[in-house]
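# What the coordinates show
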Amino acid sequence: MPQILPNFLSSVKLKYVKLGYQYLVNHILTFFLIPIMVGILVEILRLGPEEMLNIWRSLHFDLVQVLCSSFLIIFIATVYFMSKPRSIYLVEYACYKPPITCRVPFSTFMEHSRLILKENPKSVDFQMRILERSGLGEETCLPPAIHYIPPTPTMEAARGEAEQVIFSAIGSLMEKTKIKPKDIDILIVNCSLFSPTPSLSAMVVNKYKLRSNIKSYNLSGMGCSAGLISIDLARDLLQVHPNSYALVVSTEIITPNYYQGSERAMLLPNCLFRMGGAAILLSNKRRDRRRAKYRLVHVVRTHKGADDKAYKCVYEQEDPQGKVGINLSKDLMVIAGEALKSNITTIGPLVLPASEQLLFLFTLIGRKIFNPKWKPYIPDFKQAFEHFCIHAGGRAVIDELQKNLQLSAEHVEASRMTLHRFGNTSSSSLWYELGYIEAKGRMKKGDRIWQIAFGSGFKCNSAVWKCNRTVRTPTDGPWQDCIDRYPVHIPEIVKL
Amino acid sequence: MVSSMAEGLIYDIKLSSVGPGTVTEPDMVHEPSDMDLAMKLHYLKVIYYFGKQAFEGLTTLKIKEPLFMVLNYFPVICGRFRRAESGRPYIKCNDCGVRFIEAKCEKTMDEWLEMTKENASLEKYLTPNQIIGPELGFSPTVLLQYTKFKCGGMSVGLSWAHVLGDAFSAAEFLNQLGKVVAGEKPNRPINLAHLKTKSTNSGSPLTNMEDPLSVKRVGPVGDNWMTVNNCKMEAFSFSVNATQLSHLQSKISSNGTDFSPFEALSAVIWQCIAKIRRESEPKVVTICKGMEQNKADGNNQLISVVKAAYPIVEANPGDLAVLMKNAALDQREKIENAIEKDNGVSDFIVYGANLTFTNLEEAKLYEFDYRGEKPSYVSYRVDGVGDEGAVLVLPGPPKNGGRTVMAILPENEVTELKSELKTEWFMI
């Protein structure tokens, strides 16, 4: 009995100490300001009104001085407001919901695999083991061309998939925002592995008859983190172009990239990547301040490509039979961890409250000067953010991040459930996760969201958003018909 | 995948799968009954021939869409077989789906029907021919083949494992598909499967009973569910129009007893085959009939045997018909006991164990309505028939009001039967 009590007491004491410390450091300015204000007030009261007037007259202000000082103040204020970066608002976004005809249950995937890879039973068993542990559900979707035995990835089928996904997402976005195609000033489309001529952004311009002076960009080859790269690009463009709308479309077209060989390291993407896409409307117009859902606070990009191992860890190449596929190296998780560390080192000072930064600084100094054996202090990001959207790259990625950032199951719920329902939809998965949080009714005004994505290269990109107005549970969207079934418990291994 | 068969007659073949649109709950299983397992080596093959209008302008995706919706109501046919610890097969409803095959034919539908009149075996190219096995867990039980003809007509070929149900169940599936295409909801409950129950291993006190007459023990075939024949079986069909039918019925009837078209046709064919087989004439025949009352899925046919005490060749067809009408012995319980003896592990055949006559007159084959079009002709046969052969009496095209007869017999008997029917009974 006495053993347990001291532990309990000490842990409670520690908790309160921690809370007290945080409160003190985060509001330190207030703590300094209050005594000063009180002091001045007491002094004024002590002096009395006549003394105050005397002090005021003794300052000898003359007209020129007054004019100059006010001019200076106005000048400084103007410079400050002019050089402040424009606020970028996320007005609305829409995610693509694949039709039921594209659904691929585990059993169908395995049966097709067995038929296609008749001569490589080991590869088939490998795929089965991956699928069992993948964290995917039975409702993920693949495009129609991949349903064939063997798949028929023609250019026409790829274009068909692109049109279906992109136009569906944009159509639903336009319906939600009531925006006209002619109002769009900037268009950015990112799709990593499918890059036809004319580009996908040209396809969008053609379909919606966008203006001839539109600023359109097409980002290809940038991997799963391209979604946040597009947001970063849109932000920079919206700084230069006042009063504009930017339409960002993030997707990944599966049809041309289904690996048809039997190398194990290259079969992994087949098991995880699924159909999906999202369209996002960003604006820097003043009037969208009211109706926008989110405001973009920070975008931090980290590129580890300078390191050879990081560069080669997700590598598209031909297998010994000449079939093209994406090779995932075995140290992918380690490299992802490094990239994440790099990213949070940059983003930490921008978002963490002062208490956490101070602790981190102290431990850093301590490790460098006193004792290198001290455990590095991992700042508590839960104090900086209410919601986390971790790219649903795979179960391992989410597990790794949950461990590294010490997040609870509820924080990573959006990521896990998106992986279960939609699979790895590459750059658009962050938007499905955000949609999940909104559909669950958890998004309140003032909430801060952290979106983290990893991609080939090796890149780790983050975006920080602040919720502008409480989001009412949407009545449409990809989660609308299944949100009541979630969260589901995802077993370690699904028995096929 | 582009491949072709029969020297390019059927080409541009593409395989895919279609499953239910919504997720079936996990761990749902369907346990076939004893009767179902008795039929597991047989496969129903039905071909529906549609004119141009039925499928005009439809892309493959549009054809697949209603299938996704109707399969929500048929979780059992989307599942795959597994074996329980006792060895008894059961179906795991894992949404794997039916196999969907697209093909093209270089002939027009009329040309094709002409060709098959002479050579009925060509029809096997319009239905998928995959059996269940060698891997039970990866073999689809239902396969669909949509073949487009040069003239724009389409044939829908269904391969239906008999273990799932009889012809009435198979027809029900496609009729419900027709309903979904028309925009109606199928009038079926969604989930007919159930969670696996602990299978009671009934230690059998019936080990000493003999196998019933209507079935033949074969194999063991293991996980390759197909019948091995000692001779090559050939199928041929002929139609009997309404006038010929009434003629036949009146010719045979005696003492004022009227016979149904099935009884009349069966009696006549029984005698013809007896004539052909001479010494080894079939004294025992099996009769399968659908049960009007039982509309459930599965094998609900009434299987009975008829034993003739006298030589068939000299008998009066009218007497044979009377035998079939009155002296049929219900074999169902005996069959179920035979299966139960070793808990469904042994392999049996029903069709072809004896010369089998199947009455499918009431099967709703012509009710499959696709976008307001009914099939112009339906061809039906059974694969995996044993050496004694089988004769199926099917409904004819509604306009003619007669019957279609499909006979599956050893190939050396076919020509003789054809000439016998032509000369003696003026039927072909």
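Owing to the predicted nature of the structure, the values given are computational and were not obtained by experimental measurement. (Residues numbered from 1 in each chain as written. Chains lettered and ligands numbered in written order. Predicted model: local features only at pLDDT ≥ 70, side-chain atom pairs only at ≥ 80, totals over all residues. Heavy atoms only, no water.)

### Description of the overall build of chain B
Secondary structure assignment for chain B yields 9 helices and 19 strands. The C-alpha radius of gyration of chain B comes to 21 Å, within 12% of the 22 Å expected for a compact globule of 428 residues. Seen through its principal axes, chain B has C-alpha atoms that stretch 60 × 60 × 40 Å. The burial tally for chain B puts 57% of its 428 residues in the buried class. Here the contacts in chain B between residues at least 6 apart in sequence split such that 77% fall between residues at least 24 apart. Total accessible area on chain B stands at roughly 17,700 Å², and carbon and sulfur atoms take up 51% of it. When the 46 positive and 53 negative side-chain charges of chain B are each reduced to one mean point, those points stand 3 Å apart. (Helix = DSSP H or I, 4+ residues; strand = E, 2+ residues; numbered from the N terminus. Rg over C-alpha atoms; globule rule 2.2 N^0.38 Å. Buried < 20%, exposed > 50% of the residue type's maximum accessible area, 1.4 Å probe, protein only. Contact = heavy atoms within 4.5 Å. Areas by Shrake-Rupley, 256 points an atom, 1.4 Å probe, with all protein chains shown as cover. Lys, Arg positive; Asp, Glu negative; His and termini not counted. Charge placed at Lys NZ, Arg CZ, Asp CG, Glu CD.)

### Points about the UniProt feature "transmembrane region" (unreviewed entry) in chain A
Residue and element names in this part refer to chain A. Taking the numbering used here, the UniProt-annotated feature "transmembrane region" (unreviewed entry) corresponds to residues 20-42 and 63-82. In residues 20-42, helix accounts for 96% and strand for 0%; the two terminal C-alpha atoms are 28 Å from one another. Secondary structure over residues 63-82 splits into 100% helix and 0% strand, and the C-alpha atoms at its two ends are 28 Å apart. (UniProt positions renumbered as here; feature names shortened; annotations may be inferred.)

### Quick word on the interface of chain A and chain B
Counting residues at the interface gives 21 residues for chain A, matched by 28 residues for chain B. Note on chain A versus chain B: buried area summed over both sides is about 2,000 Å², and carbon and sulfur give 58% of it. Among the residues chain A hides against chain B, the three largest losses belong to Arg103, Glu111 and Tyr148 of chain A. Together they make up 31% of the total. If you look at where chain A meets chain B, you find 4 salt bridges. One salt bridge connects Glu111 of chain A with Arg99 of chain B, and the closest N-O pair in it is separated by 2.7 Å. Along the contact surface separating chain A from chain B lie 12 residue pairs in polar contact (both at pLDDT 80 or more). In the side of chain A that touches chain B, the residues fall into 9 nonpolar, 6 polar and 6 charged. (Buried area = accessible area lost by both parts, 1.4 Å probe. Salt bridge = Lys/Arg side-chain N within 4 Å of Asp/Glu carboxyl O. Polar contact = N/O pair within 3.5 Å; in protein donor to acceptor, adjacent residues only side chain to side chain. Nonpolar A, V, L, I, M, F, W, Y, C, P; charged D, E, K, R; others polar.)

### A few points about the side chain of Glu102 of chain B
Within the secondary structure layout, Glu102 of chain B lies in strand β6 (residues 98-105). Here Glu102 of chain B sits buried without a salt bridge, and the closest side chain of opposite charge, Lys14 of chain B, lies 4.6 Å off (N-O distance). Side chain to side chain, Glu102 of chain B and Thr60 of chain B meet in a polar contact 3.0 Å long. The residues touching Glu102 of chain B, leaving out its near neighbours within four places in the chain, are Tyr148 of chain A together with Asp12, Ile13, Lys14, Thr60 and Tyr146 of chain B.

### Concerning the packing of aromatic side chains
Across all of its chains, the model carries 30 aromatic pairs over all chains by this definition. On the basis of an interplanar angle of 55 degrees and a centroid distance of 6.0 Å, the ring pair of Phe388 of chain A and Trp450 of chain A is categorised as tilted. Of the two residues, Phe388 of chain A sits in strand β9 (residues 387-390) while Trp450 of chain A sits in strand β10 (residues 448-455), which places them 62 residues apart along the sequence. Under the relative-accessibility criterion, Phe388 of chain A is labelled buried at 2%. Ring pairing ties together the aromatic residues Tyr48, Phe50, Phe55, Phe100, Tyr146, Phe368 and Tyr370 of chain B, which thus form one cluster. Its end group placed over the ring of Trp225 of chain B, Lys40 of chain B keeps NZ or CZ at 5.6 Å from the ring centre. Directly above the ring of Tyr148 of chain A sits Lys64 of chain B, whose terminal nitrogen or CZ lies 4.8 Å from the centroid. (Phe/Tyr/Trp six-rings, centres within 6.5 Å; stacked < 30°, edge-to-face > 60°. Lys NZ or Arg CZ within 6 Å of the ring centre and 35° of its normal.)

### A few points about a nonpolar patch on the surface
On the surface, a nonpolar cluster with roughly 740 Å² of combined accessible area is contributed by Leu358, Leu361, Phe362, Ile365, Ile369, Phe370 and Trp374 of chain A. Structurally, the position occupied by Leu358 of chain A is in helix α14 (residues 354-370). (Patch = residues over 30% accessible without salt bridge, like charges linked within 9 Å, V, L, I, M, F, W, Y side chains within 5 Å.)

### Quick notes on the packing of helix α7 (residues 155-177) of chain A against helix α8 (residues 200-208) of chain A
Residues and elements named next belong to chain A. Contact geometry of α7 with α8 gives a least axis separation of 11 Å together with a crossing angle of 55 degrees. Between α7 and α8, the angle falls in the class oblique. Taken as a pair, α7 and α8 cross one another with a handedness that is right-handed. On the side of α7, the interface is formed by Ala162, Glu163, Ile166, Phe167, Ile170, Gly171 and Met174, while α8 contributes Leu200, Met203, Val204, Lys207 and Tyr208. Class assignment for the residues of the contact of α7 with α8 results in 9 nonpolar, 1 polar and 2 charged. (Axes fitted to C-alpha atoms, helices over the stretch in contact; angles between N-to-C directions. Parallel < 35°, antiparallel > 145°, perpendicular 65-115°, else oblique. Left-handed = near helix turned anticlockwise from the far one by under 90°.)

### Here's the deal with the UniProt feature "domain: FAE" (unreviewed entry) in chain A
On the UniProt side, "domain: FAE" (unreviewed entry) is annotated at positions that read residues 80-368 of chain A here. This span, residues 80-368 of chain A, is 44% helix and 19% strand, and a straight line between its end C-alpha atoms measures 39 Å.

### Some thoughts on the pairing of strand β8 (residues 324-328) of chain A
All names here are of chain A. Pairing geometry for strand β7 (residues 314-318) and β8, over 5 bridges, is antiparallel. By the bridge assignment, Gln317 is partnered in β8 with Gly325. Counting the residues in the hairpin turn of β7 and β8 gives 5 residues, including Gly322, whose phi is positive at 90 degrees. (Pairing = 2+ DSSP bridges.)

### A look at a negative patch on the surface
Judged by side-chain charge, Asp110, Glu111, Glu114 and Glu118 of chain B come together as a negatively charged surface patch. When you line up the elements, Glu114 of chain B lands in helix α3 (residues 109-118).

### Re the pairing of strand β17 (residues 377-383) of chain B
Within a regular beta strand, the side chains point alternately toward one face of the sheet and then the other, so they alternate between its two faces. All names here are of chain B. Within β17, 5 of the 7 residues are buried, which leaves the element mostly enclosed by the surrounding structure. When strand β3 (residues 43-50) meets β17, the two strands line up antiparallel, connected through 7 bridges. Pairing of Ile47 across the sheet is with Ser379, part of β17.

### What to know about the side chain of Thr140 of chain A
Residues and elements named next belong to chain A. Tracing the backbone shows Thr140 in the loop between α6 (121-133) and α7. For Thr140, the side chain forms a polar contact with the side chain of Arg274, separated by 3.1 Å. Among residues more than four places away in sequence, those in contact with Thr140 are Cys102, Arg103, Val104, Arg274, Leu419, His420, Arg421, Phe422 and Gly423.

### Points about the packing of helix α6 (residues 261-277) of chain B against helix α9 (residues 411-425) of chain B
All names here are of chain B. Contact geometry for α6 and α9: axes closest at 10 Å, N-to-C directions at 125 degrees. For the element pair α6 / α9, the angle class is oblique. In terms of crossing hand, the pair formed by α6 and α9 is right-handed. Of the residues in α9, those touching α6 at Val268, Ile269, Gln271, Cys272, Ile273, Lys275, Ile276 and Arg277 are Glu413, Glu416, Leu417, Glu420, Leu421, Glu424 and Trp425. Across the contact of α6 with α9, the residue classes tally to 8 nonpolar, 1 polar and 6 charged.

### Focus: the environment of Tyr48 of chain B
Residue and element names in this part refer to chain B. Of note, Tyr48 is situated in strand β3. Separated by 304 residues in sequence, Tyr48 and Gly352 have C-alpha atoms that sit 25 Å apart. Residue contacts for Tyr48: discarding those within four places in its chain leaves Met154, Ser155, Val156, Ala171, Leu174, Leu365, Phe368, Pro375, Tyr377 and Val378.

### Some words on the sheet that holds strand β1 (residues 10-18) of chain B
Residue and element names in this part refer to chain B. Ordered in space as β1-β6-β7-β8-β3-β17, the 6 strands form an open sheet in which the pairing is mixed. At either end of the open sheet lies a strand with only one pairing partner, and these are β1 and β17. Averaged over all neighbouring strand pairs, the angle between strand axes comes to 15 degrees, with direction disregarded. In terms of strand pairing, β6 meets strand β7 (residues 142-148) through 6 bridges, oriented parallel. Bridging from a neighbouring strand, Lys104 pairs with Lys148 of β7. Lying on the sheet, helix α2 (residues 60-70) is in contact with β1, β6, β7 and β8 (154-161); it crosses β6 at an angle near 150 degrees. Lying over the sheet, helix α4 (residues 167-181) contacts β3, β7, β8 and β17, oriented at roughly 135 degrees with respect to β8.

### Regarding the environment of Asp166 of chain B
Residues and elements named next belong to chain B. Along the polypeptide, Asp166 turns up in the loop between β8 and α4. A relative accessible area of 3% means that Asp166 is categorised as buried. Spatially, the C-alpha atoms of Asp166 and Val98 are 17 Å apart, while their sequence positions differ by 68 residues. The contact partners of Asp166, leaving out residues within four places of it in the chain, are Leu44, Trp160, Gly298, Asn299, Asn300 and Gln301.

### Here's the deal with the sheet that holds β10 of chain A
All names here are of chain A. Taken together, 9 strands build an open sheet; the order of strands is β3-β2-β4-β5-β1-β6-β11-β10-β9 and the sheet is mixed. Single-partner strands in this sheet number two, and they are β3 (215-219) and β9. Strand-to-strand twist of the sheet, defined as the mean angle between neighbouring strand axes without regard to direction, takes the value 25 degrees. Judged from the 6 bridges that link them, strand β2 (residues 186-191) and strand β4 (residues 245-252) form a sheet pairing that is parallel. Paired with Ile188 across the bridge in β4 is Val248. Here α8 sits on the sheet in contact with β2 and β3, set at roughly 135 degrees to β2.

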